[in-house]
Amino acid sequence: MRAFLASSIGVTCAAVLALPSAAPAGAAPDTRTVPAAPAGSAASTDLPGSTQSLPMRPLPTVSGRAAESFGQGLTEREVRPFSLVGVVWDDVDTELHGTVQVRTRAAGTDRWSDWQDLETHNAEHAADPGSAERDPGAVRGATAPLWVGDSDGVAVRVVPDPPDPQDRTGRVVSLPGGLRLELVDPGKDPRPLPVRDEETGAGDIGEPDAGEAEGTGDAEGTGDVAGAQAVTDGQAMTGAQLLADIRAEAGAQVLAGMQAAIAATATLPATEAGAGAGTEAGAGAGTETGAGTGTETGAGTGTAAGTDGRTTALEPNVLPALSRAETEAQAGTESKTAAGARPYIGPRPRIITRKGWGADEKLRERAFAYTKTVKAAFVHHSATGNNYTCSQAPSVLRGIYRYHVKSSGWRDFGYNFAVDKCGNIYEGRAGGVTKPVLGAHTLGFNSNSMGIAVLGTFTKSNPPAAAVTAVSKLTAWKLGLFGANPKGKVTLVSGGGNKYKKGKKVRLNVISGHRDGFATECPGARLYKKLGSARTSSARLQGR
């Protein structure tokens, strides 16, 4: 045990001392960002995964109806294995007025599902109007994705709404151009990750890589930082500036690193129970989907970005939970509270990192995007359905990530954080869990906010208590870093949407549902009803 601790402490010290001196504003030293893995890097880890993109065709007409009014789709067919499905179209500013339904066949069987609805009103989960990420040349319109599990057969139908009875012209409702069915294979889980699974009570302890266990990995964790950029409110920060920021606080955190290593060793059996999946960051994005044909956006190989300094050598996939005292000590001057004021920061919850759930860092854009601060948290449901186990949640996340980037054309995973039905918390969009990372989650209100997606659909189903508790813990910590009161109100300026025009100042709850900023069902009526208790619990965790 003593030799192990010495090894862990040695790795921590080496990582700190190898860094130059200054930490990024708003970031604790254990939440450094991981740069996108460069293409063609030598040290590679295979991260499987692919997207089949199938163009739709007019459906057979019935009763003499015109093909345009009857819809488009694909009849039942065998395809390569997939687990998540969605529909995209060319123009991001065109709404799909109609219904989208899919049937899928369970892999290796002849069992077909019933027709399942896809959420068509998904445009509100997106980058703000006028932002670089919403460049119409890259971003596509899309339904919400649906998790269907291991499948190898599919059928889809897209039917437009009937004509408006008030419209005397009898004008036919048109479907968007360029409709395509996206079938996403998130890839198999190369190694187990400790994910708490309260459904089964079972779990595995993830085995660290040999280099990580012995302290021989890339302790510096600089990876490709020098080649990366950070973008803050439209202005780029060079990799050199990031490195300079990272170095400032590193020396002062040697002791904290030692304590984290010791704490992780002492609490591993209790805190890491559960089953799940995870992979090293890295792997290639492959080729773009071809126009007019069913082509594959294939997986490749890429470089793992190296240890990122966010976790101990023993458990690099997870940020362990901290006590409130440890959280406040680590946050230090990073929190946005006034000098001499009591910091109201909830204890940091356990967070599974991007590396932990297997994010392929080659898929996303290399630059990180930031906003100025975090004044509010918007809670969403992913609308991907509730038919998943918590051990499958990392696969669900990889599927959503690939759908957001390769199918919808976004720069990265849209939400800042995700929560599964068992209360596991996951890092979302890249850029650092303590930083004000600019997401694409609440159209019109992405600036100065963060987005949390609870995996599932909660329009008619109640959210699990564990998921609501996780939202409380996460907001108590992250909002506390920026001095926000979970039970308070905040004024945000709309970037434009269907509820508030661009430039309008809107008074909102600090913890709001997506529907508070946009006319939408999200986060589902059942989850929305739980936000009051989440605010109260979050404030209590902050000590208010």
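About the thresholds
- Residues numbered from 1 in each chain as written.
- Predicted model: local features only at pLDDT ≥ 70, side-chain atom pairs only at ≥ 80, totals over all residues.
- Heavy atoms only, no water.
- Helix = DSSP H or I, 4+ residues; strand = E, 2+ residues; numbered from the N terminus.
- Buried < 20%, exposed > 50% of the residue type's maximum accessible area, 1.4 Å probe, protein only.
- Contact = heavy atoms within 4.5 Å.
- Areas by Shrake-Rupley, 256 points an atom, 1.4 Å probe, with all protein chains shown as cover.
- Axes fitted to C-alpha atoms, helices over the stretch in contact; angles between N-to-C directions.
- Parallel < 35°, antiparallel > 145°, perpendicular 65-115°, else oblique.
- Left-handed = near helix turned anticlockwise from the far one by under 90°.
- Pairing = 2+ DSSP bridges.
- pLDDT = per-residue confidence, 0-100.
- Lys, Arg positive; Asp, Glu negative; His and termini not counted.
- Salt bridge = Lys/Arg side-chain N within 4 Å of Asp/Glu carboxyl O.
- Polar contact = N/O pair within 3.5 Å; in protein donor to acceptor, adjacent residues only side chain to side chain.
- Disulfide = S-S within 2.5 Å.

I'd love a proper account of the overall build of the protein chain, names of residues and values included.
Along the backbone of the protein chain there are 12 helices and 23 strands. Out of the 544 residues in the protein chain, the part that is buried amounts to 56%. A sequence separation of at least 24 residues applies to 79% of the contacts in the protein chain between residues at least 6 apart. When the accessible surface of the protein chain is summed, it comes to about 21,500 Å², and 52% of that surface belongs to carbon and sulfur atoms.

Before we move on, can you summarise the packing of helix H9 (residues 465-481) against helix H12 (residues 531-541) with the specific residues and values?
The geometry of H9 relative to H12 is characterised by a closest axis approach of 8 Å and an angle of 45 degrees between their N-to-C directions. The orientation of H9 with respect to H12, classified from their angle, is oblique. Two packed elements cross with a definite hand, and for H9 against H12 that hand is right-handed. Across the interface between the two elements, Val468, Ser472, Lys473, Thr475 and Ala476 from H9 touch Ser533, Ala534, Ser537, Ser538 and Leu541 from H12.

Describe the pairing of strand S2 (residues 50-55), listing the residues and the values that go with them.
Looking down a regular strand, the side chains alternate between one sheet face and the other. Burial of S2 is extensive: 5 of the 6 residues sit out of reach of the surface. Both S2 and strand S9 (residues 180-185) contribute to a ladder of 6 bridges, which runs antiparallel. Within the sheet, the bridge partner assigned to Pro55 lies in S9 and is Arg180.

Give me the confidence of the model for the protein chain: which residues, what numbers.
This prediction gives the protein chain a mean pLDDT of 74; 62% of its residues lie at or above 70. Predicted confidence is poor over residues 1-33, with pLDDT under 50, and the contacts of this stretch with residues over four places away or in other chains come to 88 contacts. Contacts for the low-pLDDT stretch residues 39-45, under 50 throughout, to residues beyond four places or in other chains number 16 contacts.

Before we move on, can you summarise the side chain of Asp516 with the specific residues and values?
Its location among the elements puts Asp516 in helix H10 (residues 514-517). The side chain of Asp516 sits in the buried core without any salt bridge; Arg535 is the nearest counter-charge, 4.7 Å away. Here the side chain of Asp516 touches Gly513 through a polar contact of 2.8 Å, landing on its backbone nitrogen. Residues in contact with Asp516, not counting those within four places in the same chain, are Lys499, Tyr500, Leu508 and Tyr528.

Describe the pattern of salt bridges, and please don't skip the residues or the numbers.
Under the defined criterion, the tally for this structure stands at 8 salt bridges. The closest approach of N and O atoms between Arg105 and Asp152, which form a salt bridge, is 2.9 Å. Of this pair, Arg105 sits in strand S5 (residues 98-106) while Asp152 sits in strand S8 (residues 146-160); the two residues are 47 residues apart in sequence, bridging distant segments of the chain. Accessibility assignment for this pair places Arg105 and Asp152 in one class, buried. Note that Glu365 is salt-bridged to Arg411, the shortest N-O span being 3.5 Å. You can see Glu365 sitting in the loop between helix H7 (354-357) and strand S16 (368-370) and its partner Arg411 sitting in the loop between helix H8 (393-407) and strand S18 (417-419), a full 46 residues away along the chain. What makes Arg411 buried here is its relative accessible area of 13%.

Tell me what's going on with the state of the cysteines, and back it up with residues and numbers.
The tally for this structure, following the rule as stated, stands at 1 disulfide. Here Cys390 is linked by a disulfide to Cys422, with a sulfur-sulfur distance of 2.1 Å. Measuring the twist about the S-S bond at about 95 degrees, one finds the Cys390-Cys422 disulfide to be right-handed. With a gap of 32 residues between them, Cys390 in the loop between strand S17 (376-381) and H8 and Cys422 in the loop between S18 and strand S19 (425-427) connect regions that are remote in the sequence.

How would you summarise the sheet that holds S19 if you had to cite specific residues and measurements?
Spatial strand order, S14-S15-S19-S18-S20-S17-S23: 7 strands in an open sheet with mixed pairing. Edge positions in the sheet fall to strand S14 (318-319) and strand S23 (511-513), since each has one partner strand and no second. As judged from the 2 bridges shared by strand S15 (residues 351-352) and S19, these two strands associate in the parallel manner. Of the residues in S19, the one forming a bridge with Ile351 is Ile425. Packed onto the sheet, H12 meets S17 and S23 and runs at close to 165 degrees relative to S23.

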